[in-house]
Amino acid sequence: MFEKKKTVYQGFDMQEFNKIRELLSGSGIWYDWKADDRQTHFLAPGRGTARGSFGSAGVNLDCGKEYKIIVKEKDWDRVQSLLHQ
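Residues numbered from 1 in each chain as written. Predicted model: local features only at pLDDT ≥ 70, side-chain atom pairs only at ≥ 80, totals over all residues. Heavy atoms only, no water.

## What to know about the overall build of the chain
Here is step 1: When helices and strands are counted, the chain shows three helices and five strands.
Here is step 2: For the chain, the succession of helices and strands along the chain, N to C, is β-α-β-β-β-α-β-α.
Here is step 3: By residue count, 22% of the 85 residues in the chain fall in the buried class.
Here is step 4: Across the chain, every contact between residues at least 6 apart in sequence was considered, and the portion connecting residues at least 24 apart equals 77%.
Here is step 5: Carbon together with sulfur atoms contributes 49% to the accessible area of the chain, which is approximately 6300 Å² in total. (Helix = DSSP H or I, 4+ residues; strand = E, 2+ residues; numbered from the N terminus. Buried < 20%, exposed > 50% of the residue type's maximum accessible area, 1.4 Å probe, protein only. Contact = heavy atoms within 4.5 Å. Areas by Shrake-Rupley, 256 points an atom, 1.4 Å probe, with all protein chains shown as cover.)

Following this line, the structure appears as structure tokens:
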């Protein structure tokens with residue numbers, strides 16, 4: 001019913017994220033992705049976001065968004081061979 005999934009990429013580099021996505025799309029491999037902007041998380045109801053409350057001073061802007069790509073476990077070996085070519 002539900003297939004197991006594995007994380008292929010998790011990091012902050014948008015270029016690497018897009019490169020892997022293009023490789024998977026070109027090979028016809030199903031994948032799902034997520035982009036998580038850490039500065040827009042709500043602190044608590046009525047408190048706003050972290051950036052709205054504290055600003056962006058001292059925050060590494062290169063690490064503002066975290067990207068994640070997952071594939072089905074059955075495709076894992078094929079994905080690994082594509083990535084290491």
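## A look at the nonpolar core
Here is step 1: Counting residues in hydrophobic clusters, the biggest one holds 12 residues: Val 8, Tyr 9, Phe 17, Ile 20, Leu 24, Ile 29, Tyr 31, Tyr 67, Ile 69, Val 71, Val 79 and Leu 82.
Here is step 2: If you list the elements that add at least two residues to this core, you get strand S1 (5–11), helix H1 (14–26), strand S5 (65–72) and helix H3 (76–83).
Here is step 3: Excluding residues that lie within four positions of it along the chain, Phe 17 makes contacts with Tyr 9, Trp 33, Tyr 67, Lys 68 and Ile 69. (Core = buried A, V, L, I, M, F, W, Y, C linked by side-chain atoms within 4.5 Å.)

## A few points about the packing of aromatic side chains
Here is step 1: All told, the structure shown has two aromatic pairs when counted by the stated rule.
Here is step 2: Arranged with centres 4.7 Å apart and planes meeting at 25°, the rings of Phe 17 and Tyr 67 form a pair that is stacked. In this pair, Phe 17 is assigned in helix H1 and Tyr 67 in strand S5, connecting sequence segments 50 residues apart.
Here is step 3: The class for Phe 17 is buried, based on a relative accessible area of 3%.
Here is step 4: When the ring centre of Trp 33 is taken as origin, the NZ or CZ atom of Arg 21, which lies over that ring, is 5.0 Å away.
Here is step 5: Lying over the aromatic face of Trp 30, Lys 72 brings its terminal NZ or CZ to 5.3 Å of the ring centre. (Phe/Tyr/Trp six-rings, centres within 6.5 Å; stacked < 30°, edge-to-face > 60°. Lys NZ or Arg CZ within 6 Å of the ring centre and 35° of its normal.)

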